[in-house]
There are 2 protein chains.
Amino acid sequence: MATIKDVAKRAGVSIGTVSHVINNTAAVRNETKDRVLKAIKEFDYQPNSVARSLRSRRTGTISLVLPAIERSMDEPSYLSDLLASIVDESKRYNFDILLSASSSEEEEMTPYKRVVKGKMVDGCIITCTKRNDKRIAYLLSENIPFVAFGRSNVGLDFPYVDVDGEAGVYQGMHYLLDLGHTRIGFIGLPSELFCSEHRLKGYRFALKERGLKFDPALVIEGKTTQTGGYRSMKKLLNVDPPPTAVMISSDLMAFGAMKAAQEEGLIIGRDISIVGFDDVQMANNCHPPLTTIRQPIYKIGVLLCQMLVQLIRGEKLSERQIILLPELIVRESCGPIR
Amino acid sequence: MATIKDVAKRAGVSIGTVSHVINNTAAVRNETKDRVLKAIKEFDYQPNSVARSLRSRRTGTISLVLPAIERSMDEPSYLSDLLASIVDESKRYNFDILLSASSSEEEEMTPYKRVVKGKMVDGCIITCTKRNDKRIAYLLSENIPFVAFGRSNVGLDFPYVDVDGEAGVYQGMHYLLDLGHTRIGFIGLPSELFCSEHRLKGYRFALKERGLKFDPALVIEGKTTQTGGYRSMKKLLNVDPPPTAVMISSDLMAFGAMKAAQEEGLIIGRDISIVGFDDVQMANNCHPPLTTIRQPIYKIGVLLCQMLVQLIRGEKLSERQIILLPELIVRESCGPIR
DNA sequence: CTGTTAGCGCGTTCAC
DNA sequence: GTGAACGCGCTAACAG
């Protein structure tokens, strides 16, 4: 494998000069430049990025650690969509993405220490923020550029992009209430996820506003999987009397819930109304198409990237905390009370 | 940031000794070892992976370049599922995944050169193999460990895992023919994808076997997106007479096709039968659930990882080329001819 | 404009 | 058992 030395020798110049023409870091006479370029071409020379990173302290790589709680990416959750947009956007800044998996909840910090402190990446994006999220404190203390998708309860100032989950759920509830539903179930996220409480708050607030009383039997906390949604829905349908509508905290769970309802012979949008949260791609492609609260996930990925890149470049963020408003997308999974 | 030097100084030993205790590469007296370990803990020292990679010529990272043809990962194609399994499996070998995006068809090779020749990764997985795939020749010539998901027509011996697309489509066709369909459409993949021809072959073969003649009007080549499937289906439904069943080369396209058919007022499984290919997660969750040809994608990801890791370790592959048999999964998107 | 040189942080001989 | 010294390939000062 050719190194910069070989190129220098072939071109009859010093390695410094070669470096300069590669990085355009100093003016080089055209003639010499051409010789260098020619040598580079001849060897099909490619600079060793590892050596380059060691020297320059930059890797051109962003870390994304997949949370253990997500059971990796087996299911079409928002995470796939987010990753898609991050991949797209990071490309624009010539960053690659280093995907690591945390094996378990306890070892949650291991990949961060290895990847981040080991200097394999210039910064990282964290998702799925939790209450008392250890990662945030760690990254702040180590002074590593990072951006979070989601707020947290740690009393720390850190850059994030989040969606107003309370407002989102409130919109969905408003819609269901306007359809005449009064007995509305709620399938929530695991309480360790910080966003779970916002969504629940939106549910309670909408209820309260209409003078409806909060019935704990109608509120279930499920795992963030299709199976989690499926099971939660089954439970909800066994409540007496069962809800006529259900607000669900993620589309993924909503898909499972739809399946559960259909198994019970219910026609979704007629016998039972369902509102999801996320608006993942598939929400528009299932049958019936799912009415849901759209997180502008593509935009979120774009913002996360842009902010992180700014941070990496040492620029100051114009907006350090961004909260986006979600939007109700009406499709066909809801109907009026009968 | 603490380096190995700091640790050595603190422990009152040389950096060589520290290196030995970290890598367990020589016997160190227990007492000294403890001192080193203590110093490591005190500094929360983490070896610099970049320096380590430069020296050892290993990065512990696998490359996956997202093909430009897939329009990244915006849609729930097999790629998401494959990535999920690769992430899971690579974790078992302590490999991270470097995700890069190729910006355009012409610059297809750029990310490979940069990432692979730049020594950022120990090996790579390529997907979406094409006819005359340049990447294969390149990686072979550079002697880089790699494994492909998919065969190619290049007359080269390279390690791959693939699915027998011909047999898969044949199974689907067999099923449709047994339901009494004789006018069966086919939505194929872009012909640049090498697997497109196998699938078409399965279609033609099944037809021929039953003495049915091949009607070019019923065969459409679409982009591998939902929109591609949607458009292809619309075209197919405009053929006179339209097909009563359609064999589609990917689930993603099938989802789009289902939408197209439903828009025309057709009941899928009654008015028109649809068979997909892949069995992505959503195939079981759409309505009606999609009858499809299952690629054992999780297993494929696992095999790809295992083979690549073996290659990286310099071991010989027991099986250098693996072709898996797909399986017909009968759900509800097909019905008998009426 | 071009060459020389000093590290970046670590692993690895090879002495001791 | 332990330490000194070299070099992985490159960038960035600085000198000329």
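A.B. asks: Help me out: how do you make sense of the pairing of strand E10 (residues 291-294) of chain B in this one?
C.D. replies: On a regular strand, each side chain points to the face opposite its neighbour's, so the side chains alternate between the two faces of the sheet. Residue and element names in this part refer to chain B. Where strand E9 (residues 273-278) lies against E10, four bridges are found, and the strand directions are parallel. Residue pairing across strands places Gly 276 opposite Thr 292, the latter belonging to E10. One ladder, built from three bridges, connects E10 with strand E12 (residues 327-329); its direction is antiparallel. Note on E12: the bridge partner recorded for Ile 293 is Leu 328.

A.B. asks: Explain the pairing of strand E8 (residues 245-248) of chain B here, please?
C.D. replies: All names here are of chain B. Here E8 shows two buried faces, one formed by Ala 245 and Met 247 and the other by Val 246 and Ile 248. The pairing of E8 with E9 spans three bridges and is classified as parallel. When the bridges of E9 are listed, Val 246 appears paired with Ile 274. Where the polypeptide runs from E8 across helix H11 (residues 251-263) and back to E9, its parallel neighbour, the crossover connection is right-handed.

A.B. asks: When you look at the nonpolar core in this model, what are you seeing that I'm missing?
C.D. replies: The nonpolar side chains of a soluble globular protein tend to be buried with one another. Counting residues in hydrophobic clusters, the biggest one holds 148 residues, and the most contacted among them are A:Leu99, A:Met233, B:Leu99 and B:Met233. In terms of residue count, helix H12 (residues 297-312) of chain A provides more of this core than any other element does, 10 residues in total. The residues contacting B:Met233, other than those within four sequence positions of it, are B:Ile187, B:Val246, B:Ala257, B:Ala260, B:Ala261, B:Ile272 and B:Ile274. A:Phe146, B:Val121, B:Val154 and B:Tyr160 belong to the second largest nonpolar core, which has 38 residues in total.

A.B. asks: I'm lost on the relation of the copies chain B and chain A in this one. Help?
C.D. replies: Mapping chain B onto chain A is achieved by rotating through 180° and translating by 0.1 Å along the same axis, at an RMSD of 0.2 Å. Expressed as a symmetry operation, the mapping of one chain copy onto the other fits a two-fold axis.

A.B. asks: How should I be thinking about the protein's contact with DNA strand C in this particular structure?
C.D. replies: In the vicinity of DNA strand C, 25 residues are found, and the nearest of them are A:Thr32, A:Arg55, A:Arg57, B:Ile4 and B:Tyr45. Here DNA strand C approaches the protein such that, of its atoms within 4 Å, sugar and phosphate make up 64%. For DNA strand C, a phosphate oxygen lies 2.5 Å from a polar atom in the side chain of A:Thr32. A:Arg57 is positioned with one of its side-chain polar atoms (N or O) 2.4 Å from a phosphate oxygen of DNA strand C. The leading source of residues in the surface near DNA strand C is helix H2 (residues 15-23) of chain B, at four residues. Broken down by class, the residue content of the surface near DNA strand C amounts to nine nonpolar, 11 polar and five charged.

A.B. asks: Explanation requested: the protein's contact with DNA strand D in the structure shown.
C.D. replies: Within the structure, DNA strand D sits among 23 residues, and A:Ile4, A:Tyr45, A:Arg52, A:Arg55 and B:Arg57 are positioned closest to it. Each atom of DNA strand D within 4 Å of the protein was classed as base or backbone; sugar and phosphate made up 71%. Separating a base nitrogen of DNA strand D from a backbone N or O atom of A:Ala51 is a distance of 3.5 Å. Ranked by residue count, the leading element in the surface near DNA strand D is helix H2 (residues 15-23) of chain A, at four residues. Classifying every residue of the surface near DNA strand D gives nine nonpolar, nine polar and five charged.

A.B. asks: Whenever I open this one, the packing of helix H5 (residues 78-92) of chain A against H12(A) confuses me. Can you help?
C.D. replies: Residue and element names in this part refer to chain A. Packing of H5 against H12 brings their axes to within 8 Å, and their N-to-C directions diverge by 45°. Classed by the angle they form, the pair H5 and H12 counts as oblique. Remark: the crossing between H5 and H12 carries right-handed chirality. For the pair H5 and H12, the contacting residues are Tyr 78, Asp 81, Leu 82, Ser 85, Ile 86, Asp 88, Glu 89, Ser 90 and Arg 92 in the first and Ile 297, Tyr 298, Ile 300, Gly 301, Val 302, Leu 304, Cys 305 and Gln 306 in the second. For the contact of H5 with H12, the class distribution of residues is nine nonpolar, four polar and four charged.

A.B. asks: So what exactly am I meant to see when it comes to the sheet that holds strand E6 (residues 184-188) of chain A here?
C.D. replies: Paired through their backbone hydrogen bonds, the strands of a sheet run either parallel or antiparallel. Residue and element names in this part refer to chain A. The sheet built from six strands is open, its strands ordered E7-E6-E8-E9-E10-E12 with mixed pairing. Sheet topology places strand E7 (219-221) and strand E12 (327-329) at the edges, where each strand pairs with a single neighbour. In this sheet, neighbouring strand axes are inclined to one another by 20° on average, regardless of whether the strands run parallel or antiparallel.

A.B. asks: Can you help me understand the pattern of salt bridges in this one?
C.D. replies: Side chains that differ in charge, positive against negative, can pair when their charged atoms come close. Summed over the entire model, instances satisfying the criterion amount to 46 salt bridges over all chains. The salt bridge involving A:Glu31 is made with A:Arg35; its shortest N-O contact spans 3.9 Å. One end of the pair, A:Glu31, and the other, A:Arg35, are both in helix H3 (residues 30-43), four residues apart, so they sit about a helical turn from each other. The exposure class of A:Glu31 is partly exposed, given its relative accessible area of 47%. Across the pair B:Lys113 and A:Asp44 runs a salt bridge whose closest N-O atoms are separated by 3.7 Å.

A.B. asks: Hey, could you run me through the sheet that holds strand E5 (residues 160-163) of chain B in this one?
C.D. replies: Ordered by their spatial adjacency, 12 strands build an open sheet running E11(A)-E5(A)-E4(A)-E3(A)-E1(A)-E2(A)-E2(B)-E1(B)-E3(B)-E4(B)-E5(B)-E11(B), and the pairing between neighbours is mixed. Among the strands making up the open sheet, the edge pair consists of strand E11 (321-324) of chain A together with strand E11 (321-324) of chain B. Adjacent strand axes in the sheet meet at a mean angle of 20° when their direction is disregarded. Sheet topology places E5(B) next to E11(B); four bridges connect them, and they run parallel. By the bridge assignment, B:Asp162 is partnered in E11(B) with B:Ile323. This element, H12(A), spans strand E1 (61-66), strand E3 (123-127), strand E4 (146-149), strand E5 (160-163) and E11 of chain A of the sheet and lies at about 160° to E4(A). Here helix H12 (residues 297-312) of chain B sits on the sheet and contacts strand E1 (61-66), strand E3 (123-127), strand E4 (146-149), E5 and E11 of chain B; the angle it forms with E4(B), its principal contact strand, is near 160°.

A.B. asks: How should I be thinking about the interface of chain B and chain A in this particular structure?
C.D. replies: As a measure of interface size, the accessible area lost when the parts come together is often cited. Facing the 53 residues of chain B at the interface are 53 residues of chain A. Per-residue buried area on chain B facing chain A is highest for B:Val50, B:Asp96 and B:Lys117; these three make up 12% of the total on that side. The tally of links between chain B and chain A comes to six salt bridges. Among the salt bridges present, the one from A:Asp96 reaches B:Arg114, with a minimum N-O distance of 2.7 Å. For the pair chain B and chain A, the number of links is 10 residue pairs in polar contact (both at pLDDT 80 or more). Pairing of strand E2 (residues 96-101) of chain A with strand E2 (residues 96-101) of chain B, which is carried by three bridges, proceeds in the antiparallel orientation. Each residue of the ladder has a partner; that of A:Leu98, found in E2(B), is B:Leu98.

Rules used throughout
- Residues numbered from 1 in each chain as written.
- Chains lettered and ligands numbered in written order.
- Predicted model: local features only at pLDDT ≥ 70, side-chain atom pairs only at ≥ 80, totals over all residues.
- Heavy atoms only, no water.
- Pairing = 2+ DSSP bridges.
- Helix = DSSP H or I, 4+ residues; strand = E, 2+ residues; numbered from the N terminus.
- Buried < 20%, exposed > 50% of the residue type's maximum accessible area, 1.4 Å probe, protein only.
- Right-handed = clockwise from strand over helix to strand, strands pointing away.
- Core = buried A, V, L, I, M, F, W, Y, C linked by side-chain atoms within 4.5 Å.
- Contact = heavy atoms within 4.5 Å.
- Least-squares fit on C-alpha atoms with pLDDT ≥ 70 in both.
- Near = heavy atom within 4 Å.
- Polar contact = N/O pair within 3.5 Å; in protein donor to acceptor, adjacent residues only side chain to side chain.
- Nonpolar A, V, L, I, M, F, W, Y, C, P; charged D, E, K, R; others polar.
- Axes fitted to C-alpha atoms, helices over the stretch in contact; angles between N-to-C directions.
- Parallel < 35°, antiparallel > 145°, perpendicular 65-115°, else oblique.
- Left-handed = near helix turned anticlockwise from the far one by under 90°.
- Salt bridge = Lys/Arg side-chain N within 4 Å of Asp/Glu carboxyl O.
- Buried area = accessible area lost by both parts, 1.4 Å probe.

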